[in-house]
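Commentary on secondary and tertiary structure
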Amino acid sequence: MSDQILTLHVGPSQLLSKLCDEIELEKTSNDLVKWDSVRCHLSPGTRIKALVLNILCSGKPLYKVHEFYQTLDSEMLFDTSISPVFCNRKVQRNAIKNAEVCHPFNSF
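Calculation criteria
Residues numbered from 1 in each chain as written. Predicted model: local features only at pLDDT ≥ 70, side-chain atom pairs only at ≥ 80, totals over all residues. Heavy atoms only, no water. Helix = DSSP H or I, 4+ residues; strand = E, 2+ residues; numbered from the N terminus. Buried < 20%, exposed > 50% of the residue type's maximum accessible area, 1.4 Å probe, protein only. Contact = heavy atoms within 4.5 Å. Areas by Shrake-Rupley, 256 points an atom, 1.4 Å probe, with all protein chains shown as cover. Salt bridge = Lys/Arg side-chain N within 4 Å of Asp/Glu carboxyl O. Axes fitted to C-alpha atoms, helices over the stretch in contact; angles between N-to-C directions. Parallel < 35°, antiparallel > 145°, perpendicular 65-115°, else oblique. Left-handed = near helix turned anticlockwise from the far one by under 90°. Nonpolar A, V, L, I, M, F, W, Y, C, P; charged D, E, K, R; others polar. Core = buried A, V, L, I, M, F, W, Y, C linked by side-chain atoms within 4.5 Å.

Further remarks concern the overall build of the chain. A count of helical and extended segments in the chain gives six helices and zero strands. Going from N to C terminus, the chain has its helices and strands arranged as α-α-α-α-α-α. By the burial criterion, 33% of the 108 residues in the chain qualify as buried. Taking the contacts inside the chain whose residues are at least 6 apart along the sequence as the reference set, 60% of them involve residues at least 24 apart. Surface exposure of the chain reaches about 7,400 Å², of which carbon and sulfur atoms provide 55%.

Structure follows, in structure tokens:
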């Protein structure tokens, strides 16, 4: 019986994820936006981080963000397991709407 090892090419995503953690992107985004933690599967900060990583690592259009996360280890990037289904266009569109409401120029 042979053991199989799954290898994933992560590119710069791990480094960029740690930089987002260093500047507390998720915490800052969550603090600036009103959201219900009971009803949301992902926090607005996690959604914004997912969008930032997609833009900087692959540049895939918004409707293909879920494809980008199908080949990555989400636990390594977000400290929790996130299904690529939660990175779809509707979820990311809501994250963008929340970011617009909180006036990003006043955020950092």
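Alright, that's what it looks like, and here's the rest.
Our next topic: the pattern of salt bridges. One pass over the full model with this rule turns up four salt bridges. One salt bridge connects Lys49 with Asp21, and the closest N-O pair in it is separated by 2.7 Å. Taken together, the positions of Lys49 in helix H3 (residues 44-57) and Asp21 in helix H1 (residues 13-22) put the pair 28 residues apart, joining distant regions of the chain. One salt bridge in this structure joins Asp31 and Lys27, with 3.0 Å as the shortest N-O distance. Remark: Lys27 and Asp31 occur in helix H2 (residues 25-32); sequence separation between them is four residues, near one turn of the helix. Taking the relative accessible area as the measure of exposure, Asp31 reaches 56% and is therefore exposed. In the salt-bridge network here, residues are joined through shared partners; they are Asp21, Glu26 and Lys49.

So, about the packing of H2 against H3. Close contact between H2 and H3 brings their axes to 7 Å; oriented N to C, the two are set at 130°. If you check the angle between H2 and H3, you find them oblique. Considering only the axes of H2 and H3, their crossing is right-handed. From H2, Leu25, Glu26, Ser29 and Asn30 reach across to H3, where they touch Pro44, Gly45, Thr46, Ile48, Lys49 and Val52. Tallied by class, residues from the contact of H2 with H3 come to four nonpolar, four polar and two charged.

Attention shifts here to the nonpolar core. Ranked by size, the top nonpolar core spans nine residues in total: Leu16, Ala50, Leu53, Val65, Phe68, Tyr69, Leu72, Leu77 and Phe78. Those elements giving two or more residues to this core turn out to be H3, helix H4 (65-70) and helix H5 (74-78). Among the elements that make up this core, the one with the highest residue count is H4 (three residues). The contact partners of Leu53, leaving out residues within four places of it in the chain, are Ser13, Leu16, Ser17, Ser58, Phe68, Tyr69, Leu77 and Phe78.

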